[in-house]
Amino acid sequence: MKRVLISFALCFAVIASGFSQNAAAPKLGKDPVKNIVSAMTLEEKAALVVGTGMNMFAGPPPSDPSKPPTGQPGAPPPNQQQGPVVGQTKSLVSGAAGTSYAITRLGITPMVLTDGPAGVRIDPTRPNDNNTYYCTAFPVGTLLASTWDVDLVNKVGQAMGNEILEYGNDILLGPGMNIQRNPLCGRNFEYYSEDPYITGKIAASMVSGIESKGVGTSIKHFAANNAETNRNSLNTIVSERALREIYLEGFRIAVQESNPWTVMSSYNLINGTYASQSPELLTNILRKDWGFKGFVMTDWFGGKDAVAQMIAGNDMLMPGTPAQVKAIVTAVNEKKLDIALLDRNVERILNIMLLSPRFKGYKYSNKPDLKGNAQVTRQAATEGMVLLKNENAALPFGSDVKNIATFGNTSYDIIIGGTGSGFVNKAYSVSLTEGLKNDGLSLNEDLFNLYSGYLNLTRGGRPKLTGFMAIMGSRPIEELYLNQDIIKGMAVKCDAALITIGRNSGEGSDRTNTKGDFQLTDYEQQLIKMVSTEFKAKSKKTIVILNVAGVVETASWKDLPDAILLAWQGGQEAGNSIADVLTGKVNPSGKLAVTFPVKYEDVPSAKSFPGKELEPSKAPAAGGMGFGRSVPAEVTYEDGIYVGYRYYETFKVKPSYEFGYGLSFTSFDYSNLKISSTKFSGSLNVTVEIKNSGKVAGKEVVELYLSAPAVKLDKPSIELKGFAKTKLLQPGETQTLSFVIDSRKLSSFDTATSSWIAEAGKYDVKIGASSENIKLTGSFTVAKDITVKKETVSLTPKVKIAELKPSK
Ligand code: BGC
């Protein structure tokens, strides 16, 4: 037996050296992974499918500390260890979220799994080590989606991949790609959009960018995890159609177009079953219907039944507890878990481990290209900012604007990203005031000193947050109160005013429809009013900068300032990026990937979000160990497929700023729409010409919407089915953009037949500068109903859902 095991270890050594043909090495079997699985003990298999624990939640120490550590010959079997093997994570990459189990005798190396979507989250310093391990804080997901630029997002992915690799990690726990069903979800900043098509496309390019560096990703949180309140116990009740068309579709696109190494299942239940325990989600849909080849891991401490998770095809349980190892071993011994299923999961993990840099013996430098990556984030942030208003060409600042009055706490204390696992330990962040100075503008010193003094004083009186508390963020500091006289004085002395309105949010709780969160506070309203009035009286401009993680109310105050720049949370270079746009160094080209409604009550899910808490006796038992509330709860997605613009457009509810909207410093002409045929047979090509008809160079995002015939199934009035961004067009320059329409894009999910069907009839192609601003329209017909794809019947709700439907 011993000899067999040594030879498997050698096999792996050979694989590690790139399958080199070493004459002395034993012949690799046809299937080395299967061979190694057959050499593993039951305890080792169970340990491999369970992570090695987490520092923060470390249990009691191993029963016998004198024994060699896990993975070494002579170590006690994993199910006899009482504490998670925290040493493994800590000693590999400090601050990583988790580590898979190593079995040295078989050549099985650990994989280091590290957050998160906006950059790599590891500890920036280590005890007794003078080196630093800072990572680049990139723009939040919502900003990246607002670039509508898959190449740019791929470039950001490559930069992140470089940091994952060079700091010794194997898999990034991202991108986050849940649908922004409701503007108040606390983690929306990590996610891309209310629309599954742009979500899937942006996620796929992020995954491809990261994985091009030879490291993995984990697209998360699969699926229908659209609120943070009670996230470990929330049962999402949703129709199969809404699931397939809205909540799963982005994941499908990412899986099929970018082949991510792993998927992270979500905390919530879907129609009564934990996502991590659902064979219908993780096997039927993810693998059978979509062809996913990697492995699935749970979200941290997600679900509650390790054996059900194994059966469902949730291959790895993170961060892992000894109790889970024990439960799996016991279930196999008691014939409650088929060993073949455990082997299947082990194989999936090993297949990915073979790709990992640690297995390949990559010598990481701990020196990623932080300088180069800072340039990537600075540029990316400028491309995702959305110019919401620009009356009388208030922006960019002309040569007459030399001295600026900067109002609002977050002009000084910029918010560069959200809190929780999406937080990044960056070396620095550039505030807006610093960015303006870097771009050669001067600020009013009196106002600067007033704000700086106030913020220093207030901050100074608070305890400094470190470690876990730091990533959870601190309460915002109340706005500095300025009276009308100060503002009047500024309007005399300064050439223009900037007011920054800041909002932050993060993991573990949702936002609220209150003043100070979704709504502006009375004082913020007053400040905008006073500043706009006083500056207008002196024929000077007021610009509002929204330094926010997600949607806020804009309708009540948007008429006051001359310009509004939605700067989102732009990563560590945010101040420079904003200044680059304000000065016209970069012409803004971002557009909204999420609707800004007039008021919260207009949101189609306003009534049901974030769900209702249940009598414990009526509810499924809460599992998991996440922070925040965890009371049994349920939410019914009565908005069905009418999420975001699908609702506002179909039900004619006018938003404040519609999906796809965004201005530029130049203008564009749309012409020459060509559709390759008026009759659909398999696929169509669409081309359109875009000309820069203005005076400065710029890029334009062009959106393709389809209106499908509603015969048997109701349909949203428009759906996004393509988008493209021009290159930087010089004034007068024209570019032809092309789009492909395949049958999948025509189809809707028919629950009765569990299939995607394209109904016969007339389809309108609408080329828009936004979902409302349609510039060109054409059409084609489908002669007969097409069954595009049949899917496995899965996740049927147990109750009838009274879903929103347009009247015929
Ligand atoms: C979050 C995940 C994250 C994990 C590891 C969980 O609380 O939901 O998104 O990747 O922690 O930090």
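Our subject is the structure that appears above.
Residues numbered from 1 in each chain as written. Predicted model: local features only at pLDDT ≥ 70, side-chain atom pairs only at ≥ 80, totals over all residues. Heavy atoms only, no water.

Tallying secondary structure elements over the protein chain gives 22 helices and 29 strands in all. Burial analysis of the protein chain (808 residues in total) assigns 62% to the buried set. A separation of at least 24 residues holds for 78% of the contacts in the protein chain among residues at least 6 apart in sequence. About 29,500 Å² of surface is accessible on the protein chain, with carbon and sulfur atoms providing 54% of the total. (Helix = DSSP H or I, 4+ residues; strand = E, 2+ residues; numbered from the N terminus. Buried < 20%, exposed > 50% of the residue type's maximum accessible area, 1.4 Å probe, protein only. Contact = heavy atoms within 4.5 Å. Areas by Shrake-Rupley, 256 points an atom, 1.4 Å probe, with all protein chains shown as cover.)

For the rest of this paragraph, the subject is the packing of aromatic side chains. Given two aromatic rings, their pairing is described by the distance between the two centres and the angle made by the two planes. Using the criterion set out here, one finds 22 aromatic pairs in the structure. Ring centres 5.8 Å apart and planes at 70° place the aromatic pair Phe-518 and Tyr-600 in the edge-to-face group. Of this pair, Phe-518 sits in the loop between strand S15 (496-502) and helix H19 (522-537) while Tyr-600 sits in the loop between helix H20 (574-582) and strand S18 (612-613), and the two are 82 residues apart along the sequence. Accessibility expressed as a relative area gives 1% for Phe-518, which makes it buried. With a centroid separation of 5.5 Å and an interplanar angle of 5°, the aromatic rings of Tyr-763 and Phe-780 are classed as stacked. With a gap of 17 residues between them, Tyr-763 in strand S27 (residues 761-768) and Phe-780 in strand S28 (residues 774-782) connect regions that are remote in the sequence. A single burial state applies to Tyr-763 and to Phe-780, both of which are buried. We note Arg-126 situated over the ring of Tyr-133; from NZ or CZ to the ring centre the distance is 3.5 Å. Between Lys-437 and the ring centre of Phe-448, over which it is positioned, the NZ or CZ distance is 4.1 Å. (Phe/Tyr/Trp six-rings, centres within 6.5 Å; stacked < 30°, edge-to-face > 60°. Lys NZ or Arg CZ within 6 Å of the ring centre and 35° of its normal.)

With that settled, the discussion passes to the sheet that holds S18. Pairing in this open sheet of five strands is mixed, and the strands run S10-S9-S7-S19-S18 from one edge to the other. On the outer flanks of this sheet lie strand S10 (273-274) and S18, each paired with one strand and no other. The pairing of strand S7 (residues 234-237) with strand S9 (residues 269-270) spans two bridges and is classified as parallel. By the bridge assignment, Asn-235 is partnered in S9 with Leu-269. (Pairing = 2+ DSSP bridges.)

With that settled, the discussion passes to the sheet that holds strand S20 (residues 668-675). With antiparallel pairing, three strands are arranged side by side in an open sheet as S20-S21-S24. Edge positions in the open sheet fall to S20 and strand S24 (734-742), since each of these has one partner strand only. In this sheet, adjacent strand axes meet at a mean angle of 20° when their direction is disregarded. Relative to S24, strand S21 (residues 683-692) is paired through nine bridges, and the arrangement is antiparallel. Counterpart to Leu-684 in the pairing with S24 is Ile-741. (Axes fitted to C-alpha atoms, helices over the stretch in contact; angles between N-to-C directions.)

Every other side chain in a regular strand lies on the same face of the sheet, so the side chains alternate between the two faces. Burial within strand S23 (residues 719-725) is extensive, with seven of its seven residues counted as buried. Bridge count for strand S22 (residues 701-707) against S23 is six bridges, and the pairing is antiparallel. Note on S23: the bridge partner recorded for Leu-704 is Gly-722.

Close contacts around the ligand come from 14 residues, with Asp-115, Arg-187, His-221, Asp-299 and Glu-507 the closest. Between Asp-115 and the ligand, the recorded distance is 2.4 Å, taken from a side-chain N or O atom to an oxygen atom. Side-chain polar atom of Asp-299 to an oxygen atom of the ligand: 2.6 Å apart, as the coordinates give it. In the complex, the protein chains occlude 95% of the 310 Å² of accessible area that the ligand would expose alone. Within the shell around the ligand, the residues separate by chemical class into five nonpolar, two polar and seven charged. (Near = heavy atom within 4 Å. Polar contact = N/O pair within 3.5 Å; in protein donor to acceptor, adjacent residues only side chain to side chain. Nonpolar A, V, L, I, M, F, W, Y, C, P; charged D, E, K, R; others polar.)

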